[in-house]
Amino acid sequence: MNLDPEFLRELFSALNKGLFVSLQLIIPSALLGIAIGIVVGIVRVYGPKPLRTVADGYVALFRGTPLVAQLFMWYYGLPNLGIMLSASAAAIVGFGMCSGAYHSEYIRGGLLSIKRGQLTAAQALGFSPVATIATIILPQAIRRALPGCGNEIIYLIKYSSLAHLVTCLDLTGEAYGMAARTYEFTAVFLVTGAYYLILVSLATILLARVEQSLSLPGFERKRGPQ
Amino acid sequence: MTDSPILGAANITKRLGGKTILDNVSLRLDKGDLKVLIGPSGGGKSTLLQCLNLLILPEKGQISLEGRDIHPRNKRELSSFRQQVGMIFQDFNLFDHLSAFENVRIALIKVKKLSRRAASERAEQELARVGLSDKGGLYPAQLSGGQKQRVAVARALAMDPKVMLLDEPTSALDPELIGEVLAVIKDLSLAGMTMLMATHQVGFSAQLADEFMFMDQGRIVEQGSPKELLVPGTRTQAFCSKITELAGEVPG
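Given the structure is predicted, the values throughout are model-derived calculations rather than measurements. (Residues numbered from 1 in each chain as written. Chains lettered and ligands numbered in written order. Predicted model: local features only at pLDDT ≥ 70, side-chain atom pairs only at ≥ 80, totals over all residues. Heavy atoms only, no water.)

### Digging into empty space enclosed by the protein
Spelled out, the test is: Detection works on a 1 Å grid of protein atoms alone, calling trapped sets that fit a 1.4 Å probe cavities and calling open sets with protein on both sides within 12 Å along at least five of seven lines pockets, with lining residues defined by an atom within 4 Å of a point. Grid points are joined across faces, edges and corners, and a volume is the space filled by probe spheres set on the points. Here a strand is any run of E in DSSP of at least two residues, a helix any run of H or I of at least four, and the numbering for each starts at the N terminus. Charged residues are taken to be Asp, Glu, Lys and Arg, nonpolar residues to be Ala, Val, Leu, Ile, Met, Phe, Trp, Tyr, Cys and Pro, and polar residues to be all remaining types, Gly included.
Per the stated rule, a full pass over the model turns up one cavity of 30 Å³ or more. Taken as a whole, the largest cavity spans an internal volume of roughly 90 Å³. Lining the largest cavity are 13 residues; nearest its centre among them are Ala124 and Leu125 of chain A together with Gly86, Met87 and Ala156 of chain B. Looking at the lining of the largest cavity, the elements that each hand over two or more residues are helix H5 (116–124) of chain A together with helix H2 (75–84), strand E6 (85–88) and helix H5 (145–157) of chain B. In terms of residue class, the lining of the largest cavity is made up of nine nonpolar, two polar and two charged.

### Description of H5 of chain A
Here is the rule: Residue burial is assigned from relative accessible area. The probe radius is 1.4 Å, only protein chains are included, and a residue is buried under 20% of its type maximum, exposed over 50%, and partly exposed in between. The contact criterion used is simple: two residues touch if any of their non-hydrogen atoms lie within 4.5 Å.
Here H5 of chain A lies mainly inside the structure; seven of its nine residues are buried. Of all the residues in H5 of chain A, the buried ones are Gly117, Gln118, Leu119, Thr120, Ala121, Ala122 and Ala124 of chain A. Elements in contact with the buried residues of H5 of chain A: helix H1 (5–46) and helix H6 (129–159) of chain A together with helix H1 (45–52), H2, E6 and H5 of chain B. Directly beyond the C-terminal end of H5 of chain A, a positive phi value near 100° is found at glycine 126 of chain A.

### Some points on the pattern of salt bridges
Put simply, the rule is: When a carboxyl oxygen of Asp or Glu is within 4 Å of a side-chain nitrogen of Lys or Arg, the pair counts as a salt bridge.
What the rule picks out here adds up to 18 salt bridges over all chains. For arginine 129 of chain B, the salt bridge is made with glutamate 126 of chain B, and the minimal N-O distance between the two is 3.7 Å. Pair noted here: arginine 129 of chain B and glutamate 126 of chain B are both in helix H4 (residues 116–129), with a separation of three residues, about one helical turn. As a salt-bridge pair, arginine 150 of chain B and glutamate 180 of chain B come within 2.3 Å of each other at their nearest N and O atoms. On the criterion of sequence distance, the pair formed by arginine 150 of chain B in helix H5 and glutamate 180 of chain B in helix H6 (residues 175–190) is long-range, its members being 30 residues apart. Arginine 150 of chain B gets classed as buried once you look at its relative accessible area, which sits at 13%. For glutamate 180 of chain B, a relative accessible area of 25% puts it in the partly exposed group. By sharing partners, the salt bridges in this structure join Arg44, Asp56, Glu105 and Arg108 of chain A into a single network.

Now the structure itself:
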């Protein structure tokens, strides 16, 4: 393994550049994924039949096909329909759509865990169906879905490494270039792995903070022995 | 009694899964009435209450509020109707993610569109009315069953309902907590609130109710003042004495 200072300096400089690109992919696609997941989750539980079928189809398609194939469709396939996405746009849309399918499943579970009486009580007070979902059901369901959604965000950080396949010079892209130039695969990917580990650890801390800030009596993050 | 009732139901029929749950039920609630639905479980009391609030839509029949027929397909009219008909549930159904205070306030802001300030003031008043001013900051998970039900009453009262429907409000409570909820209901009745309550608290009801309605198999089979019905030979009397015997309660 090469530990030459010149090599290491070059490696860290390349990986730092890649990290910056990765963050620019991960953050927007995580937000996009959550937004899609919430909308699709609601539609799958409360939507009218035709819309529900469309939402179920979306989830089946995006959970059922490899992410690589999806990314290639966004980047190389869409131009055949006259739609050109930049490499990073294709990656963000690709990650967001895939992540949204998984998030929707966690949100759906959260929605189904809310007792029917919550809905009945809101209706009895004159809430419209939309207001009932937005102000009564969703705030509870999201708290229940949060651990699962956090899990999905952590997956997303790692599968963002596929972005280099659509020519993004993200963390893995830079690492791959470096390794190909120097043949130092072990050193390069050992360090790259550490970068992802740090990213995931930071995300875990952040997610725990979010969970803690949304924690309420009856919706605790941790439940001790009764 | 020729005036329009506050809440009227005419010929309500509801079927579920081929079974007739409500069979041509009619009733009226006039101002200040406290009427009590009693009868065996599965007799249709709960379904009737939910039909009266149009939480369940009956196949046949008409609900009216102060003489005006309600059309459930009209969303505005339905929301306005439900705001005027308070509903109390057996298992409270407080919003679990909101504090007691927010539970009372939320519909004032989101449904009645009051300012936050006006809504907060009103919520304070209603919590005080049920004796829970000091518990406003607590969440449902931190309240006893009796406290939860009193918050639910405050939440319904904040909407200024013209009538209250109570679906076995004390059935899910520990025996020692029933009294505090009944006391709130009694205060409401004495203050002139129009109410229809399904309950097994026959002793309490016999003292306060203007009318008993005995329901079985989707029909009101006996109807009259507690005095008229609590005499030997009626189904009401047989039912009530069985309950009071089991509860060790002296018939009221």
